[in-house]
Amino acid sequence: MDVKIEKGISIPPKKLTQRLTLLKEMDIGDSIVCNEKVSITLRAIAHRYGMDCTTRKIEDDFYRLWRTK
């Protein structure tokens, strides 16, 4: 097996960290438009960290997610 060792490659942040940061940056009443998969993920993360969100389907493949708490 031919494997190359690389040094100095930074580790990108986890998606959880990026999505949690997005939720924390949102004020109560702020909203975003996203697909269904992202809305489900964000609602789960919000619940885990004591925040509340609500979603409404706005088009075939898009949802609006509001931070409510």
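All figures in this text were calculated on a predicted structure; none of them were measured in a lab. (Residues numbered from 1 in each chain as written. Predicted model: local features only at pLDDT ≥ 70, side-chain atom pairs only at ≥ 80, totals over all residues. Heavy atoms only, no water.)

1. A closer look at the sheet that holds strand β1 (residues 31-34)
Right, so step 1: Spatially, the 3 strands line up as an open sheet ordered β1-β3-β2, and their pairing is antiparallel. Sheet topology places β1 and β2 (53-57) at the edges, where each strand pairs with a single neighbour. Sheet twist, expressed as the average angle between the axes of neighbouring strands with direction ignored, equals 25°. (Pairing = 2+ DSSP bridges. Helix = DSSP H or I, 4+ residues; strand = E, 2+ residues; numbered from the N terminus. Axes fitted to C-alpha atoms, helices over the stretch in contact; angles between N-to-C directions.)

2. Some points on the confidence of the model for the chain
Right, so step 1: Per-residue pLDDT for the chain has a mean of 93; in total, 100% of the residues score no lower than 70.
Right, so step 2: Averaged pLDDT values for the elements of the chain fall to 89 in helix α1 (residues 15-25) and rise to 97 in strand β3 (residues 63-67). (pLDDT = per-residue confidence, 0-100.)

3. Quick notes on helix α2 (residues 36-48)
The α-helix advances 3.6 residues per turn, and as a result positions three or four apart in sequence lie on the same side.
Right, so step 1: Under the 1.5 Å per step criterion, the end-to-end length of α2 is 19 Å for 13 residues, consistent within 8% with the ideal 18 Å.
Right, so step 2: Looking at α2, one finds that the buried residues are S39, L42, I45 and A46. Taken down its axis, α2 places every buried residue within 130° of arc, on the same side. Turned more than 90 degrees away from the buried face of α2, the exposed residues are K37, I40, H47 and R48.
Right, so step 3: On the buried face of α2, the contacting elements are α1, β1, β2 and β3.
Right, so step 4: Between a side-chain oxygen at the N-terminus of α2 and the backbone nitrogen of K37 the separation is 3.2 Å; the capping residue is N35.
Right, so step 5: G50 sits one or two positions beyond α2 and adopts a positive phi of about 80°. (Expected span 1.5 Å × (residues − 1). Buried < 20%, exposed > 50% of the residue type's maximum accessible area, 1.4 Å probe, protein only. Arc of directions from axis to C-beta. Contact = heavy atoms within 4.5 Å. Polar contact = N/O pair within 3.5 Å; in protein donor to acceptor, adjacent residues only side chain to side chain.)

4. Topic: the nonpolar core
Right, so step 1: In terms of nonpolar packing, the biggest core is built from 11 residues, these being L20, L23, M26, I32, C34, L42, I45, A46, M51, C53 and L65.
Right, so step 2: Secondary-structure elements contributing two or more residues to this core are α1, β1 and α2.
Right, so step 3: Of all the elements, α2 adds the most residues to this core, at 3 residues. (Core = buried A, V, L, I, M, F, W, Y, C linked by side-chain atoms within 4.5 Å.)

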